[in-house]
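Understanding the architecture of this molecule
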Amino acid sequence: MTDDSANRGGQDYESSLAESDKSVASFARTHTPIETLQHVLHGNPTLVPVIVLIAATIIFGLVAGERFFSAFNLTLIMQQVSIIGILAAAQTLIILSAGIDLSVAAIMVLMAVIAGKLSVDLGVPAPISVLVALAGGAAAGLMNGLLVTKAKLPPFITTLGTWSIFYALNLWLSGAQSIRSSDIDESAPFLKFFGNVIEIGGARITFGVILMVLVFVALWYMLNKTAWGRHVYAVGDDKEAAELAGIRTDRMLISVYALAGLVCGIAAWASIGRVGSISPQAFYEGNLQSITAVVIGGISLFGGRGSILGALFGALIVGVFQSGLRLAGVDVLWQVFAIGWLIIIAVAIDQWIRKVSV
Amino acid sequence: MTQEPVLTARGLVKRYGRVTALDNCDFDLYPGEVLAVIGDNGAGKSSLIKAISGAVQIDAGEIRLEGKPISFRSPLEARDAGIETVYQTLALSPALSIVDNMFVGREIVKDGVLGRTFRMLDHKRMEAMAREKLSELGLMTIQNINQPVETLSGGQRQGVAVARAAAFGSKVVIMDEPTAALGVKESRRVLELIKGLKERGMPIVLISHNMPHVFEVADRIHVHRLGKRLCVIDPKSHSMNDAVAFMTGAKEPGEAEAA
C-alpha cells in the first residue's frame, strides 16, 4: 500500500552469494584407510560375512585339517544349516521390514506335525498334506501380519505370543509324541523328498540344500529386481516416508509376513527330509538361531539395510564354526560361547558401518 | 481473473475432536501460478494442504479439480489424479537410491514375459527418465544416480523430492516448507527450481513461513487465519509487513483485499 519496493523486498541478503565460495563441500579429502573400508562396507554390507566365512573356512581347514576341509564335511555343514538357513530367509524378510519374527520355527514345526498327522495317521495323500502345510504356514504368517498392521502390535510382542500359541497347538496335535521315521517311510515317503541325496565323490548334497539355495535365489530376485522388493526396503527404512511416497504400507507388511510364513511351510517340508522323523520338540531354538544367522549376515536389525544373501552366509558361518570347533576337539559349550561373540561383533560392526560419514 | 481455476475448495470444514482446524475455508488455484499459503502456527495451513493432497478427509465442503468434484481417501488417490506433494519431511527412503526413490510406487517393469510374469523392473528406463528429469531441473551435479539418498546434502535431497513431484505431477504441485531446513545457498536453488517449474506451466502451491521467499516467487498470497482464508493479497501491491499484519490479526483486510 504505502511501502516502497525496498521495504517490500526486505533487506537484500543474497547478492553477496555471487562472490561466495562455489565449492559445495570443502572437507579435507583425506580418507584414512579405515574410513575407506567403512565406506566400502557401507555400500556392500554382505562383504563382512563373506570375508568371515572364507577366513573361518581357511582357519578351521588349517587347524582341523583333512577332517574339516573335505568335500564330505563341507557338504555336511550345508546339510546341517539347510533348515535354519531357510528359516533365516523368512526371518530376513521380516527384519528388512523393520520387524522381527520369533515364531518362524514354531510355524515350521507345527506345519511339519500337521503334514505328518494328516498323511501318517489319517492317510491323506502326501502331496495334499504338503499343500496344507504350505498354506498353513502362509496363514500363520498372515495372522502375524494382521496383528502387526491392523491391531498395531509391535512385531516382537506379536510373535512372542504366536510362538507360544503355535508351540502349544503343536504339542496338542502331536500329543507331544514324535512321528517315527519308519512310519513316514511306510505311508508317506514323499514327505521326506528333500532328504534325497546326490553324491558326487565324497560330497553329499541333499535336495534340502538345493532347496535352500533356490529359496535364497528366488527371494533375492524378488527383493532386488521387483517393485515389491524395493518397497520392503523402503518400508523398513522409514515407514512414514514410504506411506507418503505412495506405498500401501499395511498391505505391504501383511504380504511380507504371509510370504515369510509360506517359506516356513517350505522349511517344514524340508525339515522332515532332514531329520527323518517329526518331533514336536525339534528346533525349539530355531527362532533365535534364524535371527542369529540374519544378524551375522550383516542385515540390520533396524530394518531396510542388508542383502538376503548375507543371511545365507550367516547361517553357513554358524555351521562352519560349530563343525570346525567340534572337529578341533573343543567342548560344545565353547561353540555356544563363540556364536555369542559372533552375534555381538556382527551387531557392533553394523553400528559402526551405519555411522559412516559422507 | 477470467481464467477457470485448476483447483478450488469451498466451505471446507475439518474438526479434530473439539478443535476446528478448518472453518468454512475457501481456496483457489489458477493455472500456471505460484500461490503461496501463509498463516500463523495453528491457523490450519497444514489441514488445508492435507485436505487437498488427500492426507486427511474433510468433514464438509467441496474440492474441485478442473471443475470436477473430487474426494481423495489417501495421498495415493490424489497422486493418481495429478496432484503431487513435496512434504516437509520429503518422504524419501534414505537407504534407497535416487532412482528407486523417484519411482517408488510407480516403478516401470520390463516389457514382455520378464515384466509381466516375473515383475522385473526396467532399471535402464527408470534411470534414463530420472536423469532426464534431474537435468531438466538443473540437478545433474549429482554424479551417480544410483547412490543412496542418505549420501546427498539437504539441498540435493530437496531437489530429488521436487524432481519426483515435477516428473509425475501433471496438474498441481504442492510444496510444504521446501526451504525451511535449508541454508541460504540451498534455498536459492530450491527457489530456482520452483521458478523453473512455473515456467513450464505447472501451478504450484507453496506453504512457507519465509516472507522473502514467498514474496519473491508467489503470484498471489493466500493468507490463512483461524481456519479460513482471510484474504488473498498481491505481493506487488502489499508489503511483507502487511502480510504479517493480516496473518497475525494486527490488521484487518480492507475492501480491496477481502477475498
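Small disclaimer: the values here were computed from a predicted structure and weren't measured. In this convention, every chain numbers its residues from 1, walking through the sequence in written order. The order in which chains are written sets their letters, starting at A; the order in which ligands are written sets their numbers, starting at 1. Reporting in this predicted model follows two pLDDT cut-offs: at least 70 for local features of residues, and 80 or more for side-chain atom pairs to be given and counted; totals over whole chains, interfaces and linings ignore these cut-offs and use all residues. By convention in this description, side-chain values take in all heavy atoms of the structure and omit both hydrogens and water.

Looking at the overall build of chain A
Runs of E in the DSSP output that reach at least two residues are strands. Runs of H or I that reach at least four are helices, and both are numbered from the N terminus. Per the secondary structure count, chain A includes 15 helices and 2 strands. Dimensions along the principal axes, computed over C-alpha positions, put chain A at roughly 100 × 55 × 35 Å. Out of the 358 residues belonging to chain A, those deemed buried represent 49%. A contact between two residues is defined here by any heavy atoms of the two lying within 4.5 Å. Contacts in chain A between residues at least 24 apart in sequence constitute 76% of all its contacts with a sequence separation of at least 6. Element-wise, carbon and sulfur atoms account for 68% of the exposed surface of chain A, whose accessible area totals about 16,500 Å². Neither His nor the chain ends is counted toward charge; the positive residues are Lys and Arg and the negative residues Asp and Glu. Charge placement uses NZ in Lys and CZ in Arg. For Asp and Glu, CG and CD serve respectively. Counting 20 positive and 22 negative side-chain charges, chain A places the averaged centre of each group 7 Å from the other. For the exposure calls, accessible area comes from a 1.4 Å probe over protein chains only, and a residue counts as buried if that area is under 20% of its type's maximum, exposed if over 50%, partly exposed in between. Using the Shrake-Rupley algorithm and a 1.4 Å probe, accessible areas are obtained, with residue cover drawn only from the displayed protein chains.

Here we look at the nonpolar core
Core analysis: the biggest nonpolar cluster contains 95 residues, and Leu87(A), Leu191(A), Leu219(A) and Phe321(A) have the highest contact counts within it. Here Leu219(A) is in contact with Ala89(A), Leu93(A), Leu259(A), Val263(A) and Ile308(A), once residues within four sequence places are set aside. Counting 36 residues, the second-largest nonpolar core is a separate cluster that includes Leu90(B), Leu134(B), Ala163(B) and Val217(B). Among the buried residues, those of types Ala, Val, Leu, Ile, Met, Phe, Trp, Tyr and Cys that are joined through side-chain atoms within 4.5 Å form a nonpolar core.

Notes on empty space enclosed by the protein
Any residue with an atom within 4 Å of a point lines the site, the site being either a cavity, points on a 1 Å grid over the protein atoms alone where a 1.4 Å probe fits but cannot get out, or a pocket, an open set with protein on both sides within 12 Å along at least 5 of 7 lines. Grid points are joined across faces, edges and corners, and a volume is the space filled by probe spheres set on the points. For the coordinates displayed, the defined rule picks out 5 cavities of 30 Å³ or more. Here the largest cavity defines a volume of roughly 140 Å³. Lining the largest cavity are 17 residues, and of these Leu244(A), Arg79(B), Glu84(B), Thr85(B) and Tyr87(B) sit closest to its centre. Of all elements in the fold, only helix H2 (75–80), strand S6 (83–86) and helix H6 (154–168) of chain B reach the threshold of two or more residues within the lining of the largest cavity. For the lining of the largest cavity, the element with the highest residue contribution is S6(B), accounting for 4 residues. Within this model, the second largest cavity holds a volume of roughly 70 Å³. Every residue lining the second largest cavity is listed: Met108(A), Val109(A), Ala112(A), Ser271(A), Ile272(A), Val275(A), Ser277(A), Ile278(A), Ser279(A), Ala282(A) and Phe283(A). By residue class, the composition of the lining of the second largest cavity is 8 nonpolar, 3 polar and no charged. Under this grouping Gly is polar, as are all residues other than the nonpolar Ala, Val, Leu, Ile, Met, Phe, Trp, Tyr, Cys and Pro and the charged Asp, Glu, Lys and Arg.

Overview of the sheet that holds strand S2 (residues 19–29) of chain B
Residues and elements named next belong to chain B. When DSSP finds two or more bridges between a pair of strands, those strands are recorded as paired. Pairing in this open sheet of 4 strands is antiparallel, and the strands run S2-S1-S4-S5 from one edge to the other. The outermost strands of the open sheet, each flanked by one partner alone, are S2 and strand S5 (68–70). Each strand axis lies, on average, 30° off the axis of its neighbour in the sheet, ignoring direction. Angles shown run from 0 to 180 degrees and are taken between the N-to-C directions of axes, each axis being a line fitted to C-alpha atoms and, for helices, limited to the stretch in contact. Contacting strand S1 (7–16), S2 and strand S4 (60–65), helix H1 (residues 45–53) crosses the sheet at an angle of about 60° to S2.

Some thoughts on the packing of H6(B) against helix H7 (residues 184–199) of chain B
Residue and element names in this part refer to chain B. Packing of H6 against H7 leaves a shortest axis separation of 9 Å and a crossing angle of 15°. As the angle between them shows, H6 and H7 are arranged roughly parallel. Both H6 and H7 take part in a crossing whose hand is right-handed. Of the residues in H7, those touching H6 at Gly-154, Gly-155, Gln-158, Gly-159, Val-162 and Ala-166 are Glu-186, Val-190, Leu-193 and Leu-197. Along the lines of polarity and charge, the residues of the contact of H6 with H7 split into 5 nonpolar, 4 polar and 1 charged. An angle counts as roughly parallel when it lies under 35 degrees, as roughly antiparallel when it exceeds 145, as roughly perpendicular when it falls between 65 and 115, and as oblique in every other case. Left-handed describes a crossing in which the near helix is turned anticlockwise from the far one by less than a right angle; the clockwise case is right-handed.

Things to note about the sheet that holds strand S9 (residues 220–225) of chain B
Hydrogen bonds between backbone groups are what pair the strands of a sheet, and the pairing can be parallel or antiparallel. Residues and elements named next belong to chain B. In space, the 6 strands of this open sheet follow the order S6-S7-S8-S3-S9-S10, with mixed pairing throughout. Strands with a single pairing partner mark the edges of an open sheet, and in this sheet they are S6 and strand S10 (228–233). Put simply, the sheet's adjacent strands are angled 20° from each other on average, direction ignored. Both strand S3 (residues 34–39) and S9 contribute to a ladder of 5 bridges, which runs parallel. Each residue of the ladder has a partner; that of Ala-36, found in S9, is Ile-221. Contacts from H7 reach S3, strand S7 (172–176) and strand S8 (204–207), with the element oriented near 160° to S8. Those strands touched by helix H9 (residues 240–248) are S3, S9 and S10, and its axis lies near 25° from that of S9.

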